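These are the residues of each chain, in order.
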Amino acid sequence: MAKARATRSAVQAAQAAQGGEKLNAEQEAPQTGARAPAPSSGLARPERRAEDDADGMLRPRSLREFLGQRAVKENLGIFIKAARERNEALDHLFLIGPPGLGKTTLAQVVAGELGVDFVHTIAPAMEKAKDLVGILTAVTDKTVFFIDEIHRLKPAIEEMLYIAMEDYEIDWIIGQGPGARTMRLPVKPFTLIGATTKAGNVASPLISRFGITCHFSFYEQTDVEAIVRRSAGIFKVKIDDDAAARLARSSRGTPRVVNRLLRRMRDFAQAWHEETITRKVVEEGLSRLEIDELGLEKHDREILRMIIERYKGGPVGAETLAISIGESIETLEDYYEPFLIQAGLIQRTPRGRMVTALAYEHLKLGRDRRPEEPGLF
Ligand SMILES: Nc1ncnc2c1ncn2[C@@H]1O[C@H](COP(=O)(O)OP(=O)(O)O)[C@@H](O)[C@H]1O
Ligand SMILES: [Mg+2]
């Protein structure tokens, strides 16, 4: 793998001033955009927390180290090789998937594999068109420009990006009113990597300008086990195979979650004077954290119980449900629902949210709690 070129401080300063951030491969990107407050509980929540910044050491640096997501990886490997052979910038790349699955990591890996600079920003950090101009006019040849949460771009910036993506040029408007002039500024060929958890909120003209789209899915059990073993190796802690398997099962198919839980298990093992993280440590540890075999936390189970007990299993409107559990509707939709749906515990219907038969089973709630309509299950 070619090493990323050295960061140029002048460019870095210019970009910092413009709201972009230039990072070298060892740094973790700061998250500067305002967003819905993360729920207070949540070791198993996939969104980033301060502690995860220490994850720098766990982050895969190359496609070979990037475990799982085979389909995504294989194709990308081919496209990267082809672009390198032609000495061209890689086509623009769109990454879609829930938090914690490796979108930011993959963007950095792509820059590393291409041997080019990596510039990182988060859409809401770009307030004005000039913020984007500042970044794009400073990028080096074939730079990977990563925009996280790309569904949150301001319309004016989005339009400027269209031209930049297509023609490697930007239209810069000088002055105001009838005297205003448009200046076309050239931009070095670059690769835009846009990441989002909400592809539905991205405008179709933007989507259509990405040449490659990668959908991240929750990781397979065996891949999560491999990630646990890799991370344990980096931490230099021993973990039994069945302990790794047990931990992986409660990690929601999400690398960020499994790494976080591994840290906690390391703490427990240390506190209990165990040299190795055994299955017993994991089971006792997870039970202390109130995380069950499906990876649900107390609050997830409370949500399910609320739908069952107060709303007879649903359907209940998202708004009503959010109020009942004391969370905003955004938090409900962004943080709680994706995994509950993926795990087959709730369903979204046009009339609202409903729990499934699996939820009753999981919570060990009897048939008497089930809704009257027998046909549903
Ligand atoms: N494919 C992978 N293999 C190993 N570890 C991974 C992988 N993807 C992600 N990780 C780990 O999970 C953490 C979260 O990944 P990140 O790229 O920040 O997710 P996202 O940007 O999708 O929210 C990273 O710090 C990294 O340590
Ligand atoms: Mg990210």
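Residues numbered from 1 in each chain as written. Chains lettered and ligands numbered in written order. Predicted model: local features only at pLDDT ≥ 70, side-chain atom pairs only at ≥ 80, totals over all residues.

Details of the overall build of the protein
Just so we agree on the cut-off: Secondary structure elements are defined from DSSP: runs of H or I of at least 4 residues count as helices, runs of E of at least 2 residues count as strands, and each element is numbered from the N terminus. Each residue is classified by how many other C-beta atoms fall within 10 Å of its C-beta atom, where C-beta atoms are placed from the backbone; a count of 20 or more means buried, 12 or fewer means exposed, and values in between mean partly exposed. For the purpose of contact definition, each residue receives a C-beta atom placed from its backbone, and two residues are in contact when these atoms lie within 7 Å.
What the protein contains, in helices and strands, is 14 helices and twelve strands. Sorting the 377 residues of the protein into buried and exposed places 37% on the buried side. Residue pairs at least 24 apart in sequence account for 71% of intrachain contacts in the protein once pairs closer than 6 positions are excluded.

Some details on the packing of helix H8 (residues 241–249) against helix H10 (residues 279–288)
Our working definition: As a rule, the C-alpha atoms of each element are fitted with a line to give its axis, helices using only the stretch in contact, and angles between N-to-C directions run from 0 to 180 degrees. In what follows, roughly perpendicular refers to angles from 65 to 115 degrees, roughly parallel to angles under 35, roughly antiparallel to angles over 145, and oblique to any angle outside these ranges. Each residue gets one label: Ala, Val, Leu, Ile, Met, Phe, Trp, Tyr, Cys and Pro are nonpolar, Asp, Glu, Lys and Arg are charged, and the others, such as Gly, are polar.
Following both chains from N to C, one finds H8 and H10 inclined at 25 degrees, their axes separated by 7 Å at the closest point. Here H10 runs roughly parallel to H8, going by the angle between their axes. Contacts between H8 and H10 involve Asp242, Ala243, Arg246 and Leu247 from the former and Arg279, Val281, Val282 and Glu283 from the latter. Looking at the contact of H8 with H10 residue by residue, the class counts come to four nonpolar, no polar and four charged.

Describing H8
Taken together, the buried positions of H8 are Ala243, Ala244, Arg246, Leu247 and Ala248. In this structure, the buried residues of H8 make contact with helix H7 (221–235), strand E9 (238–239), helix H9 (255–271), strand E10 (276–277) and H10.

Details of the packing of helix H12 (residues 318–325) against helix H13 (residues 329–342)
For the pair H12 and H13, the least separation of the axes is 8 Å and the interaxial angle reads 95 degrees. One way to sum up the angle between H12 and H13 is to call them roughly perpendicular. Of the residues in H13, those touching H12 at Ala318, Glu319, Leu321 and Ala322 are Ile329, Leu332 and Glu333. For the contact of H12 with H13, the per-class residue count stands at five nonpolar, no polar and two charged.

Quick look at helix H11 (residues 298–311)
Residues three or four positions apart in an α-helix share a direction because the helix packs 3.6 residues into each turn. Test applied: Expected helix span is taken as 1.5 Å per residue step, with the number of steps being one fewer than the number of residues.
Taking 1.5 Å per residue, 14 residues should reach 20 Å; H11 reaches 19 Å between its end C-alpha atoms and fits that length. Those residues of H11 that sit buried are Asp300, Ile303, Leu304, Ile307 and Ile308. The inward-facing, buried residues of H11 contact H12, H13, strand E12 (352–355) and helix H14 (357–362). Positive backbone phi, approximately 55 degrees, marks Lys312, located one or two places after H11.

Observations regarding the environment of Gly56
Tracing the sequence through the fold places Gly56 in the loop between strand E1 (21–22) and helix H2 (70–86). When the C-alpha atoms of Gly56 and Thr105 are compared, they prove to be 9.8 Å apart, with 49 residues separating the residues in sequence.

With respect to the site of ligand 1
Using the following cut-off: Any residue qualifies as near a molecule or strand once its backbone-derived C-beta atom lies within 6 Å of it.
Around ligand 1 lies a shell of 19 residues, among which Gly102, Lys103, Thr104, Thr105 and Pro255 are the nearest. Of all the elements in the fold, those that place two or more residues in the shell around ligand 1 are helix H3 (103–114) and H9. Taken together, the residues that form the shell around ligand 1 break down as eight nonpolar, seven polar and four charged.

A closer look at the nonpolar core
Basically, it comes down to this: By our criterion, buried Ala, Val, Leu, Ile, Met, Phe, Trp, Tyr and Cys residues that link up through C-beta atoms within 7 Å make up a nonpolar core. The split of the chain into domains comes from an automatic or database domain assignment.
Counting 68 residues, the largest nonpolar core has Leu95, Val110, Val144, Val228 and Leu247 as its most contacted members. Counting the residues that make up this core, at least three belong to each of domain 1 (9–25 + 61–215) and domain 2 (221–288). Excluding its chain neighbours within four sequence positions, the residues that come into contact with Val144 are Ala107, Val110, Ala111, Leu114, Val116, Phe118, Thr191 and Ile193. By size, the runner-up hydrophobic cluster in this structure holds 16 residues, among which are Ile303, Leu304, Val316 and Phe339.

Structural notes on unusual backbone geometry
Phi is mostly negative for residues that are not glycine, and the peptide bonds are mostly trans. Look at the link from Gly314 to Pro315: it is a cis peptide, with omega at 5 degrees. With respect to the helices, strands and loops of the structure, Pro315 is situated in the loop between H11 and H12. One non-glycine residue with positive phi stands out, namely Glu290, at about 60 degrees. With respect to the element layout, Glu290 can be found in the loop between H10 and H11. The exposure class of Glu290 is partly exposed, given the 15 C-beta atoms found within 10 Å. Non-glycine residue Lys364 carries a positive phi angle of around 55 degrees. Inspection of the secondary structure puts Lys364 in the segment after H14.

Here's the deal with the pairing of strand E2 (residues 93–96)
The side chains of a regular strand alternate, residue by residue, between the two faces of the sheet. In plain terms, the rule: Here, strands pair whenever DSSP counts at least two bridges between them.
Alternating residues of E2 divide into Leu93 and Leu95 and Phe94 and Ile96, and every residue in both groups is buried. Of the strand pairs in this sheet, E2 and strand E7 (residues 191–196) are connected by four bridges, and their pairing is parallel. Its bridge partner lying in E7, Ile96 is registered against Thr196.

That is the geometry; function is a separate question.
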